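# Report on the structure
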Amino acid sequence: MLTAVGAQKAGPGLMLAFAIAGAVCIVAALCYAEIAAMIPVAGSAYTYTYATIGEFFAWTVGWALIMEYAIAAGAVSVGWSGYFTGTILNESLGIHLPVWLSAGPLALGGAEGGFINLPALVIALLVTGLLVLGTSESAKFNAVLVAIKVTALTAFIALTFTSAEWSSEKFNPFLPAGVFGGWGTGVGAVGAAATMFFAYVGFDAVSTAAEETKNPQRNVPIGLVGSLLFCTVFYILVAAGAIGTLGGQPIMGAAGIPLEAGSPELARQCAMPEHAEALVCSKEALAHVLRVIGFSGIGNMLGIAAFLALPSVILVLIFGQTRIFFVMSRDGLLPDSLSTVHPRFKTPHVVTMITGVVVALCAAFFPVGALADISNAGTLYAFSMVAIAVMMLRRTDPDRPRHFRVPGVWIIAPLTIAGCLFLFLNLPSAAMLFLPAWTVLGLLVYLLYSRSRSHVGRGIVEVVDDVVGDETMMPIHPPQ
């Protein structure tokens, strides 16, 4: 889904970007594993921060997560739209949706003549409706989707690496924008890593199983590090297959640096005939690669696999956002009406509908790369706070039973914080500025409303079942 965006930022250096993002995820996942086993309740990083650092910082984390999940769901909706319009409508049915209905405005990084990404808006609202009715993700269904995606990506790797089109010359220059593209530009290998971090979001779900793992001290790090290494190698091979066959050099601007992904100028360049087959201009990059090298049927099958799998990712992200909203409302930090459960469907329908509308609007008008960058800003902040919470608990409550202890915590936790800060500072300036602006808005809400109504501040202690209806969240690896 972000392959084209990453290639525009780093060219073949996209492979290095995956390695950098994966390394940060590994140390962050180990911190998550320790604290998740100690505080195994709903709310994720928000709950962990509340239980260790306090309400104020928990509010900032929860507020960031609200933004993260909603915008991430919007990004995946845009990705789904690319496969729907390209594989399902264009390739399979021969229907060409007008540009004004399939892309956002050019000024926002859409396309020339674009107005609204209607398929992205519709899928976000459909998934929201399913969540209101009580649709949930099951472990078996999740396993089937993961198997479909792994099979499709394995086929992609095999076909591209054995293709006559594959050439090592297409990796030269390997780092057209360098390792560091410049502060605030979001380009270069590290800038691409800050964006491709989005491909790893969801790994924290694996870490929450630490409490239920046999011999967690040995098996948790093996499982976490092993699964993340597998994903990283897989992502690198997919990138190598795409770049080696089609090429992945970015479209350069007048200053000799890559045009900003999602910018109006890049959209104009991609509309030109000479860039029609460029990897960096494709909205369904992997399926596009296979079609160009002569495997149209298999490329369409890969597109269909993404078309079927991505709605479940949107569902998981919207569900996660509504759960954060629900728990914060239950704690008195947001209006009680947001945690109202539907009498028939047993779901938090009010907050689900509000979330769905926001997700749909983001998906309708903004490009996938810009949404992913903004979402990553909130994610990186939340992961940093989890690392701080782990260190604080080691100091304030060293004797508390831990099913899993981070080995070398005083190295791993600071590395997590440094890694998250490092990636954050290499995001595009707009994404970096969005988080503090969103945080300032959140502080106003906290000071003017939440602080005076907090259940903890008012001395109200409640014990509430964390399950809303029969829903369970089983996050899955984000799409290719």
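Here the structure is shown first, and the text comes after it.
What comes next concerns the included structure. None of the values given here were measured: they were computed from a predicted structure. Counting restarts for each chain: residues are numbered from 1 in the order of the written sequence. This being a predicted model, a pLDDT of at least 70 is required before a residue's local features are given, and a value of 80 or more before pairs of side-chain atoms are given or counted; all residues contribute to the totals for chains, interfaces and linings. Side-chain descriptors were evaluated using all non-hydrogen atoms of the structure, hydrogens and water having been removed beforehand.

### With respect to the overall build of the chain
Scanning the chain for helices and strands turns up 17 helices and zero strands. Summary of the burial criterion: residues with accessible area below 20% of their type's maximum are buried, those above 50% are exposed, and those between are partly exposed, where the area comes from a 1.4 Å probe applied to protein chains only. Going through the 480 residues of the chain one by one, you find that 57% of them count as buried. Labels follow the DSSP assignment, with helices taken as runs of H or I lasting at least four residues and strands as runs of E lasting at least two, numbered in each case from the N terminus.

### Quick notes on the side chain of H349
If you trace the backbone, H349 turns up in helix 14 (residues 349-365). Engagement of the side chain of H349 in a polar contact is seen with the backbone nitrogen of H342, the distance being 3.3 Å. As used in this structure description, the phrase polar contact means that two N or O atoms lie within 3.5 Å; if the pair is within protein, one of them must be able to donate a hydrogen and the other to accept it, and residues adjacent in sequence are counted only when both atoms belong to side chains.

### A few points about the packing of helix 6 (residues 118-133) against helix 14
With their axes 8 Å apart at the nearest point, helix 6 and helix 14 run at an angle of 170° to one another. One element, helix 6, and the other, helix 14, form an angle in the roughly antiparallel class. Across the interface between the two elements, A120, L121, A124, L125, T128, L131 and V132 of helix 6 pack against H349, T352, M353, G356, V357, V359, A360, A363 and A364 of helix 14. Taken together, the residues of the contact of helix 6 with helix 14 sort by class into twelve nonpolar, four polar and no charged. Axes, fitted as lines to C-alpha atoms, cover a helix only where it is in contact. Angles between the N-to-C directions of the axes lie from 0 to 180 degrees. Throughout this description, any angle smaller than 35 degrees is read as roughly parallel, any larger than 145 degrees as roughly antiparallel, any in the 65 to 115 degree range as roughly perpendicular, and the remainder as oblique. When checking whether two residues touch, look at their non-hydrogen atoms; a contact exists if any pair is within 4.5 Å. Under the grouping applied here, Gly and all other residues not named as nonpolar or charged are polar, the nonpolar ones being Ala, Val, Leu, Ile, Met, Phe, Trp, Tyr, Cys and Pro and the charged ones Asp, Glu, Lys and Arg.

### Regarding the state of the cysteines
By convention in this document, the label disulfide applies to cysteine sulfur atom pairs within 2.5 Å. Scanning the model with the defined rule gives one disulfide in all. Through a disulfide, C270 is tied to C281; the S-S separation comes to 2.0 Å. Disulfide C270 to C281: torsion about the S-S bond roughly -75°, handedness left-handed. Of the two residues, C270 sits in helix 11 (residues 264-270) while C281 sits in the loop between helix 11 and helix 12 (285-292), which places them eleven residues apart along the sequence. The closest cysteine sulfur to the non-disulfide-bonded C25 is located on C420, 8.2 Å from its own sulfur. C231 carries a free sulfur, and the closest cysteine sulfur to it, the one in C25, is 9.4 Å from it.

### Description of the packing of aromatic side chains
Classification of ring pairs uses Phe, Tyr and Trp, with its six-membered ring standing for Trp, and accepts pairs whose centres are within 6.5 Å; under 30 degrees between planes counts as stacked, over 60 as edge-to-face, and the remaining range as tilted. What the rule picks out here adds up to 19 aromatic pairs. Consider the rings of W80 and F307, whose centres lie 5.4 Å apart with planes at 25°: the pair is stacked. Note that W80 is positioned in helix 4 (residues 55-93) and F307 in helix 13 (residues 296-330), a separation of 227 residues in sequence. For W80, a relative accessible area of 7% puts it in the buried group. Summarising the aromatic geometry, the rings of F434 and W438 are spaced 6.5 Å apart at their centres and angled 10° between planes, so their arrangement reads as stacked. With F434 and W438 both in helix 17 (residues 429-453), this residue pair falls four residues apart, about one helical turn. Of the aromatic side chains, those joined through ring pairs into one cluster are F56, F57, W59, W63, F434, W438 and Y446. Here, a charge over a ring means that NZ of Lys or CZ of Arg falls within 6 Å of the ring centre while also lying within 35 degrees of the ring normal. Here R395 stacks its cationic end above the ring of W410, 5.0 Å away from the centre of that ring.

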